[in-house]
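Here is what each chain is made of, one letter per residue.
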Amino acid sequence: MEMYYLACSRHMAWGYVDHPPLTVWIAWFSRVVLGSSPLGVRLLPILAGAATVWLAGALAREMGGGRFAQGMAAFAVVVVPIYLVAHTWLTDNVFEQLIWMGCVWLVVRASTRAMLAIGCGSRGSRAGF
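Quick summary incoming for the structure in this document. (Residues numbered from 1 in each chain as written. Predicted model: local features only at pLDDT ≥ 70, side-chain atom pairs only at ≥ 80, totals over all residues. Heavy atoms only, no water.)

What follows is about the overall build of the chain. Within the chain, the secondary structure is distributed over six helices and zero strands. When its helices and strands are written in sequence order, the chain yields α-α-α-α-α-α. Here the C-alpha coordinates of the chain stretch approximately 55 × 30 × 25 Å along the principal axes. Looking at the chain residue by residue over its 129 residues, the buried ones come to 33%. (Helix = DSSP H or I, 4+ residues; strand = E, 2+ residues; numbered from the N terminus. Buried < 20%, exposed > 50% of the residue type's maximum accessible area, 1.4 Å probe, protein only.)

This is how it looks when you write it as structure tokens:
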């Protein structure tokens, strides 16, 4: 599949029948900046996987969890077998997971700020919202 994305990155377009253009743009960036080696192609998906793990911990922190909760949330994402496999390949799913985790983090962060603004709790409380 990675070779297909690299081949598509040589013929850039805004729309493809079988995959979104973001993955092809990332493949193009990897090919041009990092080279066509396996590490060059897979470095950005690995970094996206690491960012997904970090966002899981940040999400737990945003919801009022301490260090143990943050570590457990990050660990829960690390040990999922499909993530372990998917975060080492250049696929659509790696960046999709990162984008969705970022969206959830932004929604929780905005709702926490809104609840604090109207006076529904304190930031340091363990009771949640």
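From this point, the discussion proceeds with the structure in view.
The next thing to look at is helix α1 (residues 2-9). When we look at burial in α1, the residues that qualify are E2, Y5, L6, C8 and S9. The buried residues of α1 occupy an angular sector of 160° when projected down its axis, which confines them to one face. (Arc of directions from axis to C-beta.)

This paragraph deals with the packing of helix α3 (residues 38-62) against helix α4 (residues 67-78). Between α3 and α4, the shortest axis-to-axis distance is 8 Å and the interhelical angle comes to 145°. The interaxial crossing formed by α3 with α4 has right-handed handedness. Contacts from T52, V53, A56, G57, A60 and R61 in α3 reach A69, Q70, A73, A74, V77 and V78 in α4. When its residues are assigned to classes, the contact of α3 with α4 shows eight nonpolar, three polar and one charged. (Axes fitted to C-alpha atoms, helices over the stretch in contact; angles between N-to-C directions. Left-handed = near helix turned anticlockwise from the far one by under 90°. Contact = heavy atoms within 4.5 Å. Nonpolar A, V, L, I, M, F, W, Y, C, P; charged D, E, K, R; others polar.)

Glancing now at the environment of V53. Here V53 lies in helix α3. Put simply, V53 and M1 are 52 residues apart on the chain and 24 Å apart in space, counted from C-alpha to C-alpha. Residues in contact with V53, not counting those within four places in the same chain, are A74, V77 and V78.

This brings us to a nonpolar patch on the surface. A cluster of nonpolar side chains, W14, W25, W28, F29, V32, V33, L34, L39, L43 and L47, forms an exposed patch at the surface whose accessible area comes to about 1,000 Å². At the level of elements, α2 (21-34) and α3 are the ones that each hand at least two residues to the nonpolar patch. In terms of residue count, α2 provides more of the nonpolar patch than any other element does, six residues in total. Its location among the elements puts L43 in helix α3. (Patch = residues over 30% accessible without salt bridge, like charges linked within 9 Å, V, L, I, M, F, W, Y side chains within 5 Å. Areas by Shrake-Rupley, 256 points an atom, 1.4 Å probe, with all protein chains shown as cover. Salt bridge = Lys/Arg side-chain N within 4 Å of Asp/Glu carboxyl O.)

We now examine the packing of α1 against α2. Here α1 crosses α2 at 85°, and the two axes come no closer than 8 Å. By the angle between their directions, the pair α1 and α2 is classed as roughly perpendicular. Residues Y5, L6, C8 and S9 of α1 form the contact with α2, whose participating residues are T23, V24, A27, W28 and R31. Per-class residue counts for the contact of α1 with α2 are six nonpolar, two polar and one charged. (Parallel < 35°, antiparallel > 145°, perpendicular 65-115°, else oblique.)

This part takes up the pattern of salt bridges. Pairing is possible between side chains that carry opposite charge, provided their charged atoms lie close to one another. If you walk through the whole model with that rule in mind, you get one salt bridge. Of the charged contacts in the structure, one is a salt bridge between E62 and R109, with a shortest N-O distance of 3.0 Å. Of this pair, E62 sits in helix α3 while R109 is found in helix α6 (residues 92-117), placing the two residues 47 residues apart along the sequence. Of the residues examined, E62 reaches a relative accessible area of 6% and is grouped as buried.

Moving on to the packing of aromatic side chains. Evaluated as defined, the whole model comprises two aromatic pairs. Taking the centre distance of 6.2 Å and the plane angle of 40° together, the rings of Y4 and Y5 count as tilted. Taking relative accessible area as the criterion, Y4 reaches 35% and is therefore assigned partly exposed. Given a relative accessible area of 2%, Y5 falls into the buried group. Ring centres of W25 and W28 lie 6.5 Å apart, and the angle between their planes is 70°; on these two criteria the pair is classed as edge-to-face. Here the residue W25 and the residue W28 both occupy positions in helix α2, the gap between them amounting to three residues, near one helical turn. (Phe/Tyr/Trp six-rings, centres within 6.5 Å; stacked < 30°, edge-to-face > 60°.)

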